[in-house]
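Report on the structure
Each chain is listed here by its residues.
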Amino acid sequence: MDATVKTAVCIGHERLLKESHQTLVELNELLAGVLTIGMSGKERENEFRKRQAKYAKAYNNLLNHARNCELCSFNSRFNMRSAA
Ligand SMILES: [Zn+2]
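Residues numbered from 1 in each chain as written. Predicted model: local features only at pLDDT ≥ 70, side-chain atom pairs only at ≥ 80, totals over all residues.

1. Here we look at the overall build of the protein
Threshold: Helix numbers and strand numbers start at the N terminus; a helix is a DSSP run of H or I with at least 4 residues, a strand a run of E with at least 2. Working definition of a contact: two residues with C-beta atoms, positioned from the backbone, lying within 7 Å.
For the protein, the count of helices and strands is four helices and zero strands. Restricting the contact set of the protein to residue pairs at least 6 apart, pairs at least 24 apart contribute 72%.

2. Observations regarding helix α2 (residues 11-32)
A turn of α-helix holds 3.6 residues, and therefore any two residues three or four places apart point the same way. Rules: In a helix, the anticipated span is given by 1.5 Å times the number of residues less one.
Here α2 spans 31 Å end to end across 22 residues, near enough to the 32 Å set by a 1.5 Å rise per residue. The first or second residue beyond α2 is G33, which carries a positive phi of 90 degrees.

3. Focus on the packing of α2 against helix α3 (residues 41-68)
Geometrically, a packed helix pair is captured by the angle between its two axes and the distance between the axes. The test is simple: Note on geometry: axes are C-alpha line fits, over the in-contact stretch for helices, and angles between N-to-C directions span 0 to 180 degrees. The labels follow the angle: roughly parallel below 35 degrees, roughly antiparallel above 145, roughly perpendicular from 65 to 115, and oblique for the rest. In this scheme, a crossing is called left-handed if the near helix is turned counterclockwise away from the far one by less than a right angle; it is called right-handed if the turn is clockwise. Charged means Asp, Glu, Lys or Arg here, nonpolar means Ala, Val, Leu, Ile, Met, Phe, Trp, Tyr, Cys or Pro, and polar covers whatever is left, Gly included.
For the pair α2 and α3, the least separation of the axes is 9 Å and the interaxial angle reads 160 degrees. The angle between α2 and α3 places the two elements in the roughly antiparallel class. Seen along the crossing, α2 lies across α3 with a hand that is left-handed. Residues G12, H13, L16, L17, E19, S20, T23, L24, E26, L27 and L30 of α2 form the contact with α3, whose participating residues are E47, F48, R51, Q52, K54, Y55, A58, Y59, N61, L62, H65 and A66. Each residue belonging to the contact of α2 with α3 can be placed in one class, and the counts come to 11 nonpolar, seven polar and five charged.

4. Examining the environment of T36
What counts here: Backbone-placed C-beta atoms define the burial measure: a residue is buried with 20 or more other C-beta atoms within 10 Å of its own, exposed with 12 or fewer, and partly exposed in between.
Take T36: it is sitting in the loop between α2 and α3. Using a count of 17 C-beta atoms within 10 Å as the deciding quantity, one classes T36 as partly exposed. Residues T36 and F48, 12 residues apart in the sequence, show an inter-C-alpha distance of 9.5 Å. With residues near it in sequence (within four places) discarded, T36 still touches L30, R44 and E47.

5. So, the environment of C69
Checked against the element boundaries, C69 lands in the loop between α3 and α4 (70-83). The sequence separation of C69 and H13 amounts to 56 residues, and the corresponding C-alpha distance is 8.6 Å. In contact with C69, other than residues within four places in its own chain, are C10, G12 and H13.

6. Examining the confidence of the model for the protein
Convention followed: Residue-level confidence of the predictor is what pLDDT reports, using numbers from 0 through 100.
Taken as a whole, the protein shows an average pLDDT of 83; of its residues, 81% reach a score of 70 or greater. The spread of mean pLDDT over the elements of the protein runs between helix α1 (residues 2-6), the lowest at 48, and α2, the highest at 94.

Structure representation (structure tokens):
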């Protein structure tokens, strides 16, 4: 019982964290030119805007979740207290 409480992670937060990380990886790949080989400048620009928006949205979802989720706000309060 105790172990479950201590290792409790928010599934929703984990998912959003993974999502925003994934979109960031894709954005970096795009910036590195990995995904745009053979694309014209305009195509590349469109692709960049699309991925940037995707990342911004995923990151925003993550922030909103952390603000609204009871488990996450409990965890961050707990972390702050143990860090102090
Ligand atoms: Zn949460």
